Amino acid sequence: MRLPSGVRQLAERSGPMNILHVEKALPPHRYRQDEIFDAMISKWDGARINRARLDRLQQTVGVKSRHLALPLESYPEIEDFTASNDHFIEAGTDLAEDAMRRALQAAGLDATDIDAVFFVSVTGISTPSIDARLMNRLALRPDVKRTPIFGLGCVAGAAGLARVHDYLQGFPDHIVALISVELCSLTLQLNDFTPANLIAATLFGDGGACVLASGAESKVRPAGAAPSSIDTHSRFYPDTETIMGWKIGAFGFRVLLDATVPDLVNANLRRDVDGFLSGNGLCRDDIAWWVCHTGGPRVIDAIRDALGLPGEALSLTRRSLEEVGNLSSASVLHVLADTIAERPAGNGDLGLLIAMGPGFCCEMVLLRW
């Protein structure tokens, strides 16, 4: 089959970032959605909540199981922000170490091969940052360039990948690790019965990921048919700062989640995707793989509708949401790992990785297999 001219040109173009491996990481405590829900109801017994409404919410979020940083019975014992953040540092560092160790092993690399580490998270605070805590654990080189990024939320997996792309343009012989850790369960406010918190309590799970990537001039190349990056695009939507985020106070992270997020997607995503693709001589029909963040059923539907995609185009996104919930920044990286694992062999197939998050903003990475 003859490829369209724009795709042929990109197939011949060397991108600055070669993805060597994407490793998914999940905490060991896995529960069915109904088990988590029953534990919350037990904690909320006597509170003024609408049980029927919660039952409907549990059924509509599309999540069947989630992994948690701690055993389910430990959460009522967390008394304050200090305790929850201490758990974030301990469990988050363990999860980051596990993800990076397994990624290095899968890619056939040593920790001393890594030249730079980017770390993204929005569910806890750590100074020194988690990436610094990995230095001794993994015996990383003392001259590793570290870039911890906090505050980007669900968009950070895509934004982190885009910043790795940017970095490798300047250091094309380097090898980079991007690590995401999100322990959303530790942010849950057990005495907050607002719709946003109830949605978060049923939607978000815990997990992480590690992406290893090499530059165009690196001697280390992907062992299989992994993607390389072609281009990236960032888009900030003015006057949307209160749509999504955290209100951080004495009791930790209180979620801000406005019901208008799907409307923002519907109003803006098609224009932004089409503009980005046309700048590369492409259109939506040229994209074989859509790697999208698991924002929730309504957000996934909005992405599908805005881009005019067939239902199966986002099947891996929906499956990830069902199996582990929304992992904030780690979600789009989990979907990327699944796409790499399950895509058939191809020649120059193109994929578009998309995530959105607080700001409100969107990040895209154009990939070629």
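All values derive from a computational prediction rather than experimental measurement.

1. Quick word on the packing of helix 9 (residues 297-307) against helix 10 (residues 315-324)
So, point 1. Closest axis-to-axis distance for the helix 9/helix 10 pair is 11 Å, and the angle between their directions is 175°. With respect to each other, helix 9 and helix 10 are oriented roughly antiparallel. Taken together, the residues of helix 10 that come into contact with helix 9 (itself represented by P297, I300, D301 and R304) are T317, R318 and L321.
So, point 2. Among the residues making up the contact of helix 9 with helix 10, the classes are represented as three nonpolar, one polar and three charged.

2. A few points about a nonpolar patch on the surface
So, point 1. On the surface, a nonpolar cluster with roughly 270 Å² of combined accessible area is contributed by I125, F150 and I248.
So, point 2. Along the chain, F150 turns up in strand 5 (residues 145-150).
So, point 3. What makes F150 partly exposed here is its relative accessible area of 45%.

3. Observations concerning the packing of aromatic side chains
So, point 1. One pass over the full model with this rule turns up six aromatic pairs.
So, point 2. Taking 5.5 Å as the distance between ring centres and 85° as the angle between the ring planes, the aromatic pair formed by F81 and F253 counts as edge-to-face. Of this pair, F81 sits in helix 4 (residues 81-107) while F253 sits in strand 10 (residues 252-257), and the two are 172 residues apart along the sequence.
So, point 3. Residue classification places F253 among the buried positions, given a relative accessible area of 3%.
So, point 4. What links up through ring pairs into an aromatic cluster is the set F81, W246 and F253.

4. Details of unusual backbone geometry
So, point 1. With an omega of 5°, the peptide bond between T127 and P128 qualifies as cis.
So, point 2. Mapped onto the secondary structure, P128 falls in the loop between strand 4 (116-121) and helix 5 (130-138).
So, point 3. Residue F360 is reached from G359 by a cis peptide bond, and omega for that bond is -10°.
So, point 4. Inspection of the secondary structure assignment puts F360 in the loop between strand 12 (350-357) and strand 13 (361-368).
So, point 5. A positive phi angle, close to 55°, is found at A139, a residue other than glycine.
So, point 6. By the secondary structure assignment, A139 is in the loop between helix 5 and strand 5.
So, point 7. The phi dihedral of D239 falls on the positive side, at around 60°, and the residue is not glycine.

The rules behind each value
- The residue numbering used here restarts from 1 in each chain and proceeds along that chain's sequence as written.
- Where totals are concerned, whole chains, interfaces and linings use all residues; where local detail is concerned, this predicted model gives features only for residues with pLDDT of at least 70, and gives and counts side-chain atom pairs only at 80 or more.
- Calculation of side-chain values draws on the structure's entire complement of heavy atoms; hydrogens and water are dropped beforehand.
- Note on geometry: axes are lines fitted to C-alpha atoms, helical ones only across the stretch in contact, with angles between N-to-C directions running from 0 to 180 degrees.
- For the purposes of this entry, the term helix denotes a DSSP run of H or I that reaches at least four residues, the term strand denotes a run of E that reaches at least two, and both are numbered from the N terminus.
- Roughly parallel means an angle under 35 degrees; roughly antiparallel means over 145; roughly perpendicular covers 65 to 115; every other angle is labelled oblique.
- Any pair of residues with heavy atoms lying within 4.5 Å of one another is described as a contacting pair.
- Amino acids are sorted into nonpolar (Ala, Val, Leu, Ile, Met, Phe, Trp, Tyr, Cys and Pro), charged (Asp, Glu, Lys and Arg) and polar (every other residue, Gly among them).
- For patch detection, residues must exceed 30% relative accessible area and be free of salt bridges, and they are connected within 9 Å for like charges or within 5 Å for nonpolar side chains (Val, Leu, Ile, Met, Phe, Trp, Tyr).
- Note on areas: Shrake-Rupley with a 1.4 Å probe; residue coverage comes only from the protein chains shown.
- Salt bridge, as used here: a side-chain nitrogen of Lys or Arg that lies within 4 Å of a carboxyl oxygen of Asp or Glu.
- Only protein chains enter the accessibility calculation, which uses a 1.4 Å probe. A residue is then buried if its area is under 20% of the maximum for its type, exposed if over 50%, and partly exposed in between.
- Two rings from Phe, Tyr or Trp (for Trp, the six-membered ring) form a pair when their centres are within 6.5 Å of each other. A pair whose planes differ by under 30 degrees is stacked, one over 60 is edge-to-face, and the rest are tilted.

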